[in-house]
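If you want the building blocks of each chain, they are given just below.
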Amino acid sequence: MASIDGLTWCAVAAELAAKLIGSRVDKVFQPHSHTIVLSLRQPGHSYFLSLCGLPNSAAVLLLEERPETPSQAPAFCMLLRKHLEGARLLNISQPGFDRLLIFNFAAREEGGQLSEKELVLEVAGRHSNLIFLRNGLIADAVRRVGPEDSRLRQILPNIPYETPPLEGKLNLATLKQELFEQRFNLQADQGATTTASLMATLAGVGPYTAGACLAAAAELSTEKPLTQRLWQVLANWQEQLQNPQFWHAHAVLRPNGKVQALLPFIPSALPDGFTALACSSLLDALALLHRREAQQQELQRFVQTELTKLSRKKHILEEECQEASLADHWRLYGDLLMAQLHLVAKGASEATLPNLFEPDAPTIQIPLDPSRTPAENAQHCYRQYNKSKRRQIVLVEQIQQTTNTLSYLDSVETMLQTAATTAEIQEIRQELTSTGFLAAPKKKQAALPLSQPLQVQGPEQSLIWVGRNNRQNDELTFRRGKPGDLWFHAKDMPGSHVLLQMPPGLTASKEAIELAASLAAHFSKGAASSRVAVDYTDRKQVKKPSGSKPGFVIYFQQTTLYVSPNPEHLKPYLENKRAKTK
């Protein structure tokens, strides 16, 4: 999840208030266990406000259309329908300048009197929640927190609601100059940097907000002390907190294209390789971010579920194959019966015969069908033997198919972890659809520009390509690659195809080969391992079997390197170049 601090949530609240204050709740939906959608009506306009309290993925969104909902509404949804339908939204507040929003409603009770009720969205990482309050008491929440979950703060019906602790930081909305300067100087006297001092003094201020405050203060007259200049900037912000026109939404993008942070201002300084993308509004930026993360998480859950089912299926098949491989006793029964028919009584349910194939001829008990003759029982044993052998052949084929599918989905799971853009995620979804794992969407999706492999400028004029989904893998290996290029892949595990290209007449150096191998290890399932085996070979030694799934190849005449994935070592190269789109 991208970093979103208290100032950003304040700006989000201002945008929401400008659109929604005074609206009436028309309907309440609960499309998912942790998500509530309120249908709100304003004169001449309707909105769908989505509040998600999912741990690590909490979000507030304005949807364009009503979401699909289950046929039977959950209990939390029914509770909100009872108390909020027909209510009016009075206010959206942000106590303590923290990462939580409180939506205050006025609703008419059965007796006709008005009462205030509140929905609280807490955006607190794994502790995120969506809580419904009546008269200051918790009525219910999408995620109840009992004493066994937290000794410090419970979220249970009929207990008073308390906001999360603020760790003694100051609220920008109610901040006074004297107290600010006192707290800031105290932090500075303890040796903290100016950025750290601001973050330790003010609630809801992250590193980008602190940097922007310092940058704005630097533009003011240096005749004043730093604390006074900082206060001048903060006082201006304080006046504009509820003015959505003052803020300018921006997303900070990492070198791989993922969103690092959402901000209500132009960031003053960014790390190498990071960029700032202007957005029309913070609500639009949140919608874009949540849509990409939701798509990624949805596909990850689907793939993990399929992997679990296939692993279970493979285990069952292997057990059945093991049983089928023990079918030789049926042939032994048939041989013994045929050799000693004269010793078997007709209509017997069991025959005890000497095992003529053992040195001491020990006796063996053979189960019989009394309705069959001894010769028919012998033929039945042979049929069971042949049936088991045929079954074993089929099971071996099914186990191999299941193993191949597991390997393929394992590679898809790895690609999902490294996917950085909406286009890459959409291509993985299209791949799962084309391979039959997902049903084709009913509505035709708008096509995004094709994502391209990651391009890294290596040492000595080398150029390294890294595929970040199976379509990219096939493209760089079989379209960009040519004989003489070096092709890399983590050994015996899913991962990216990596291609090392050199200008004509130059040979790849040891340093370039090690860098390409390190990238192959970094973009593989073994990225967190201390040591990863990486194979590399000439591109012409890489083949794609006919009819194989995307990304699957076989290769020959490889050399194996052992590398230790080191993100810090790769960071300068990954920040130097970013994936491009057509």
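In this text the structure is predicted, and so the values were computed from the model without any measurement. (Residues numbered from 1 in each chain as written. Predicted model: local features only at pLDDT ≥ 70, side-chain atom pairs only at ≥ 80, totals over all residues. Heavy atoms only, no water.)

1. Examining the pairing of strand β9 (residues 137-141)
Argument step 1. Here strand β8 (residues 129-134) pairs with β9 via four bridges, running antiparallel. Its bridge partner lying in β9, Arg134 is registered against Leu137.
Argument step 2. Count of turn residues in the β8/β9 antiparallel hairpin: two residues, of which Asn135 carries a positive phi of about 55°. (Pairing = 2+ DSSP bridges. Helix = DSSP H or I, 4+ residues; strand = E, 2+ residues; numbered from the N terminus.)

2. Concerning the confidence of the model for the protein chain
Argument step 1. Scored by pLDDT, the protein chain has a mean of 88; 97% of the residues are at 70 or more.
Argument step 2. Under a pLDDT of 50 for its full length, residues 578-582 has, in the predicted model, 21 contacts with residues more than four places off or in other chains. (pLDDT = per-residue confidence, 0-100. Contact = heavy atoms within 4.5 Å.)

3. Topic: a negative patch on the surface
Argument step 1. A cluster of acidic residues, Glu64, Glu65, Glu68 and Asp284, forms a negative patch at the surface.
Argument step 2. Within the element layout of this structure, Glu68 appears in the loop between β4 (59-63) and α2 (75-84).
Argument step 3. By relative accessible area, Glu68 is classed as exposed at 76%. (Patch = residues over 30% accessible without salt bridge, like charges linked within 9 Å, V, L, I, M, F, W, Y side chains within 5 Å. Areas by Shrake-Rupley, 256 points an atom, 1.4 Å probe, with all protein chains shown as cover. Salt bridge = Lys/Arg side-chain N within 4 Å of Asp/Glu carboxyl O. Lys, Arg positive; Asp, Glu negative; His and termini not counted. Charge placed at Lys NZ, Arg CZ, Asp CG, Glu CD. Buried < 20%, exposed > 50% of the residue type's maximum accessible area, 1.4 Å probe, protein only.)

4. Details of the side chain of Glu431
Argument step 1. Counting through the fold element by element, Glu431 comes out in helix α10 (residues 422-434).
Argument step 2. When near neighbours in sequence (up to four residues on either side) are disregarded, Glu431 contacts Tyr408, Val412, Asn470, Arg471 and Pro550.

5. Structural notes on the packing of aromatic side chains
Argument step 1. In this structure the tally under the stated criterion is nine aromatic pairs.
Argument step 2. Ring centres of Tyr408 and Phe437 lie 5.9 Å apart, and the angle between their planes is 25°; on these two criteria the pair is classed as stacked. With Tyr408 in helix α9 (residues 374-418) and Phe437 in the loop between α10 and β15 (454-457), the pair connects residues that are 29 residues apart, well separated along the chain.
Argument step 3. Given a relative accessible area of 5%, Tyr408 falls into the buried group. (Phe/Tyr/Trp six-rings, centres within 6.5 Å; stacked < 30°, edge-to-face > 60°.)

6. Overview of the sheet that holds strand β22 (residues 559-563)
Where strands meet in a sheet, backbone hydrogen bonds hold them as pairs that are either parallel or antiparallel.
Argument step 1. The strand order β15-β16-β18-β17-β19-β22 describes an open sheet built from six strands, whose pairing is antiparallel. In the strand order of this sheet, the two ends are held by β15 and β22, each with one partner. Taken over all neighbouring pairs, the strand axes of this sheet differ in orientation by 25° on average, direction set aside.
Argument step 2. Where strand β19 (residues 532-538) meets β22, five bridges bridge the pair, whose relative direction is antiparallel. Each bridged residue has a counterpart across the sheet, and for Val534 the counterpart in β22 is Leu561.
Argument step 3. On top of the sheet, helix α12 (residues 510-522) reaches β15, β16 (463-466), β17 (486-490), β18 (498-501), β19 and β22; it is set at about 35° to β17, its chief contact. (Axes fitted to C-alpha atoms, helices over the stretch in contact; angles between N-to-C directions.)

7. Quick word on a nonpolar patch on the surface
Argument step 1. Together, Phe552, Ile554 and Phe556 line one region of the surface with nonpolar side chains, adding up to about 270 Å² of accessible area.
Argument step 2. Residue placement: Phe556 occurs in the loop between β21 (554-555) and β22.
Argument step 3. Assessed through its relative accessible area of 40%, Phe556 is described here as partly exposed.

8. Quick notes on empty space enclosed by the protein
Argument step 1. Going through the model one piece at a time under the given rule, you end up with one cavity of 30 Å³ or more.
Argument step 2. By volume, the largest cavity is sized at about 50 Å³.
Argument step 3. Of all the elements, strand β11 (residues 259-263) adds the most residues to the lining of the largest cavity, at three residues.
Argument step 4. Its residues assigned to classes, the lining of the largest cavity comprises six nonpolar, three polar and one charged. (1 Å grid on protein atoms, 1.4 Å probe; cavity = no way out; pocket = protein on both sides within 12 Å on 5 of 7 lines; lining within 4 Å. Points joined across faces, edges and corners; volume = space filled by probe spheres on them. Nonpolar A, V, L, I, M, F, W, Y, C, P; charged D, E, K, R; others polar.)

9. Considerations on the state of the cysteines
Argument step 1. Inspection of every chain in the model, using the stated rule, returns zero disulfides.
Argument step 2. Free of any disulfide, Cys52 has its nearest neighbouring cysteine sulfur in Cys77, separated by 15 Å.
Argument step 3. Free of any disulfide, Cys213 has its nearest neighbouring cysteine sulfur in Cys10, separated by 15 Å. (Disulfide = S-S within 2.5 Å.)

10. Points about helix α6 (residues 226-240)
Argument step 1. Relative to the 21 Å expected for 15 residues at 1.5 Å per residue, α6 spans 22 Å between its end C-alpha atoms, a close match to the ideal helical length.
Argument step 2. Of the positions making up α6, those classed as buried are Thr227, Arg229, Leu230, Trp231, Val233, Leu234, Ala235, Trp237 and Gln240. (Expected span 1.5 Å × (residues − 1).)

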